[in-house]
Amino acid sequence: MKLKQILALLATGLGLAAATQAQTVLKIGYATSPQSHYGVGSTVFCDEVEKGTQGRYKCQHFPNSALGGEREQIEAVQLGTQDLVNTSTGPLGNFVPEVKIVDIPFLFRDYDHARKVMDGPIGQDLLKKMAAKGLIGLAWTENGFRHMTNSKRPIVQASDAAGLKMRTMENKVHMDGYKTFGILPTPMPFPELFTALQQGTVDGQENPIPVILSSKFSQVQKHLSLTGHVYSPAVLILSPAVWNKLSEADKKVFVEAAKKGAAAQRKKVNDDENNGIAQLKADGMQVVEKVDGESFRKAVAPAYAQYAKEFGADKIAAIQAVR
């Protein structure tokens with residue numbers, strides 16, 4: 001073999017070794033299955049990152065709370081022991097207090113309103129606030145409007161919920177609102193929820209349709225009421241330990257990939273909302289589709305005085321004013 005050929009082969013080998021060495025595998029975690037809205041959004045994001053960085057970055061998925069509950073995962077991303085989390089805002093307010101405002105019950109009229117707020121100046125400002133707390137918010141994804149399930153009785157109006165022991169997220173804004181319905185809020189990490197419902201530790205829970213579907217809550221809950229009492233945003237968060245190593249070009253790739261992941265996640269939420277209720281009925285759930293929303297809004301009104309003190313009436317009004 002000629003010297004030139006030997007040198008060419010060596011160069012190719014070194015190039016391949018360098019390429020292999022340069023690939024970074026990012027750990028991404030989320031609470032639900034790979035087929036869920038979180039799985040769909042995370043997969044699109046990861047595929048786009050891999051494509052946009054020519055394979056220099058790729059993801060290893062940890063679905064079904066394999067890396068812990070959402071609070072633990074946010075903490076791990078903050079510490080740099082986990083690279084990415086696609087999480088609801090439920091526990092995020094414990095790290096970034098300003099985000100709690102979007103968890104106020106009946107703040108958003110519908111999906112169009114909520115998405116305009118999260119993608120507009122208000123939502124983008126909240127994303128930026130995460131950096132000061134050691135979290136890089138890439139894009140608002142979505143969990144969906146939350147609905148109530150329980151094993152005891154149908155919920156048609158707010159008074160029907162009184163006395164029910166309901167698992168809630170570790171989120172004071174939610175809990176303060178739910179208490180006005182007479183609910184006994186029981187904060188609990190999501191990975192413990194299915195067993196708690198199965199054993200009767202709690203009577204019910206509240207989550208968007210995509211979560212109720214992917215978590216198979218129809219196996220342990222008889223009643224579903226389409227209360228739509230809280231819009232639950234979600235967010236794709238990256239560790240600063242990763243972000244600070246990215247070139248400006250790669251940062252743009254990550255942000256654009258997150259936007260595409262968010263769009264895919266929202267589409268999956270829409271699809272599950274449109275098709276999931278029929279599936280849950282087929283699975284044996286009794287569904288109350290026409291809930292007395294006004295009774296819930298009246299019940300929660302006293303909590304709004306506290307929310308106004310905590311977040312500012314002007315900020316709440318600014319969200320409600322978005323059209």
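Described below are features of the structure shown in this document. (Residues numbered from 1 in each chain as written. Predicted model: local features only at pLDDT ≥ 70, side-chain atom pairs only at ≥ 80, totals over all residues. Heavy atoms only, no water.)

**What about the overall build of the chain?**
Here is step 1 of the chain: Within the chain, the secondary structure is distributed over 12 helices and nine strands.
Here is step 2 of the chain: Relative to its length of 323 residues, the chain is compact, with a C-alpha radius of gyration of 22 Å against a globular reference of 20 Å.
Here is step 3 of the chain: Scored against the burial criterion, the 323 residues of the chain give a buried share of 54%.
Here is step 4 of the chain: Mean positive and mean negative side-chain charge positions of the chain (38 and 32 charges, respectively) differ by 3 Å. (Helix = DSSP H or I, 4+ residues; strand = E, 2+ residues; numbered from the N terminus. Rg over C-alpha atoms; globule rule 2.2 N^0.38 Å. Buried < 20%, exposed > 50% of the residue type's maximum accessible area, 1.4 Å probe, protein only. Lys, Arg positive; Asp, Glu negative; His and termini not counted. Charge placed at Lys NZ, Arg CZ, Asp CG, Glu CD.)

**Let's talk about the state of the cysteines**
Here is step 1 of the chain: A full pass over the atoms with the stated rule returns one disulfide.
Here is step 2 of the chain: Note on cysteine connectivity: Cys 46 is disulfide-linked to Cys 59, with sulfurs 2.3 Å apart. Residues Cys 46 and Cys 59 share a disulfide whose torsion about the S-S bond is about -90°; that sign makes it left-handed. With Cys 46 in helix H2 (residues 37-52) and Cys 59 in strand S2 (residues 57-62), this pair connects stretches of sequence that are 13 residues apart. Across this residue pair, the class does not change: Cys 46 and Cys 59 are buried. (Disulfide = S-S within 2.5 Å.)

**Remarks on the side chain of His 223**
Here is step 1 of the chain: The residue His 223 is located in strand S8 (residues 223-238) in this model.
Here is step 2 of the chain: In this structure His 223 comes out as buried when scored by relative accessible area, which is 5%.

**Comments concerning the pattern of salt bridges**
Here is step 1 of the chain: Considering all chains together, one arrives at 15 salt bridges under this definition.
Here is step 2 of the chain: Residue Asp 250 pairs with Arg 56 through a salt bridge whose shortest N-O separation is 2.8 Å. Taken together, the residues Asp 250 in helix H10 (residues 248-282) and Arg 56 in the loop between H2 and S2 connect sequence positions 194 residues apart.
Here is step 3 of the chain: The exposure class assigned to Arg 56 is partly exposed, which follows from its relative accessible area of 31%.
Here is step 4 of the chain: Through salt bridges with shared partners, a single ionic network connects Glu 48, Lys 51 and Lys 260. (Salt bridge = Lys/Arg side-chain N within 4 Å of Asp/Glu carboxyl O.)

**Points about helix H11 (residues 293-311)**
Here is step 1 of the chain: In the structure, H11 departs most strongly from a straight axis at Pro 302, where the bend amounts to approximately 45°.
Here is step 2 of the chain: Among all positions of H11, only Gly 293, Ser 295, Phe 296, Ala 299, Val 300, Ala 303, Tyr 307 and Phe 311 are buried.
Here is step 3 of the chain: Among the structural elements, strand S4 (136-150), helix H6 (172-179), S8 and helix H12 (313-321) are those in contact with the buried residues of H11.
Here is step 4 of the chain: A positive backbone phi angle near 100° is found at Gly 312, which sits one or two residues after H11. (Bend = angle between axes of the 7 residues up to and from the residue. Contact = heavy atoms within 4.5 Å.)

**What about empty space enclosed by the protein?**
Here is step 1 of the chain: This structure, assessed with the given rule, holds one cavity of 30 Å³ or more.
Here is step 2 of the chain: The space that makes up the largest cavity amounts to roughly 190 Å³.
Here is step 3 of the chain: Together, 19 residues line the largest cavity, and Glu 70, Ser 88, Arg 167, Met 169 and Phe 190 are the ones closest to its centre.
Here is step 4 of the chain: Among the secondary structure elements, those contributing two or more residues to the lining of the largest cavity are helix H3 (70-79) and S4.
Here is step 5 of the chain: Among the elements that line the lining of the largest cavity, the one with the most residues is H3, at three residues. (1 Å grid on protein atoms, 1.4 Å probe; cavity = no way out; pocket = protein on both sides within 12 Å on 5 of 7 lines; lining within 4 Å. Points joined across faces, edges and corners; volume = space filled by probe spheres on them.)

**Looking at the packing of H2 against H10**
The axes of two packed helices give the description: the angle between them and the distance between them.
Here is step 1 of the chain: Between H2 and H10, whose axes approach to 7 Å, the crossing angle comes to 155°. Put simply, H2 runs roughly antiparallel to H10. The element H2 and its partner H10 pack so that their crossing is right-handed. Of the residues in H10, those in contact with His 37, Tyr 38, Val 40, Gly 41, Ser 42, Val 44, Phe 45, Glu 48, Val 49 and Gly 52 of H2 are Val 253, Phe 254, Ala 257, Ala 258, Lys 260, Gly 261, Ala 264, Gln 265, Lys 268 and Val 269.
Here is step 2 of the chain: Among the residues forming the contact of H2 with H10, the class breakdown is 11 nonpolar, six polar and three charged. (Axes fitted to C-alpha atoms, helices over the stretch in contact; angles between N-to-C directions. Parallel < 35°, antiparallel > 145°, perpendicular 65-115°, else oblique. Left-handed = near helix turned anticlockwise from the far one by under 90°. Nonpolar A, V, L, I, M, F, W, Y, C, P; charged D, E, K, R; others polar.)

**Comments concerning the packing of aromatic side chains**
Here is step 1 of the chain: For the structure shown, the criterion picks out 11 aromatic pairs.
Here is step 2 of the chain: Each ring, one from Phe 181 and one from Phe 296, has its centre 5.0 Å from the other, and the planes form 80°; the classification is edge-to-face. Here Phe 296 lies in helix H11 and Phe 181 lies in the loop between H6 and strand S6 (184-187), a separation of 115 residues in the sequence. Here the two residues Phe 181 and Phe 296 agree in accessibility, since each one is buried.
Here is step 3 of the chain: Ring centres of Phe 190 and Phe 217 lie 6.2 Å apart, and the angle between their planes is 65°; this geometry places the pair in the edge-to-face category. Within this pair, whereas Phe 190 is found in the loop between S6 and helix H7 (193-199), its partner Phe 217 is found in the loop between helix H8 (209-214) and S8, the two being separated by 27 residues in sequence. Comparing Phe 190 with Phe 217 shows no difference in burial state: the two are buried.
Here is step 4 of the chain: Grouped by ring-pair contacts, the aromatic residues Phe 108, Tyr 111, Phe 145 and Tyr 231 constitute a single cluster. (Phe/Tyr/Trp six-rings, centres within 6.5 Å; stacked < 30°, edge-to-face > 60°.)

**Structural notes on the packing of H6 against H11**
Here is step 1 of the chain: Packing of H6 against H11 leaves a shortest axis separation of 8 Å and a crossing angle of 150°. Judged by the angle between their axes, H6 and H11 are roughly antiparallel. Judged by residue contacts, Val 173, Asp 176 and Gly 177 of H6 engage Val 300, Ala 303, Tyr 307 and Phe 311 from H11.
Here is step 2 of the chain: Considered class by class, the residues forming the contact of H6 with H11 number five nonpolar, one polar and one charged.

**Regarding the nonpolar core**
Here is step 1 of the chain: One finds Leu 92, Phe 108, Met 130, Leu 135 and Phe 181 to be the most contacted residues of the largest nonpolar core, which totals 48 residues.
Here is step 2 of the chain: Those residues in contact with Met 130 that sit more than four places away from it in its chain are Leu 92, Val 96, Val 99, Leu 135, Gly 137, Trp 140 and Val 235.
Here is step 3 of the chain: Formed by 19 residues, the second largest nonpolar core is a distinct cluster that contains Val 49, Leu 84, Ile 136 and Trp 243. (Core = buried A, V, L, I, M, F, W, Y, C linked by side-chain atoms within 4.5 Å.)

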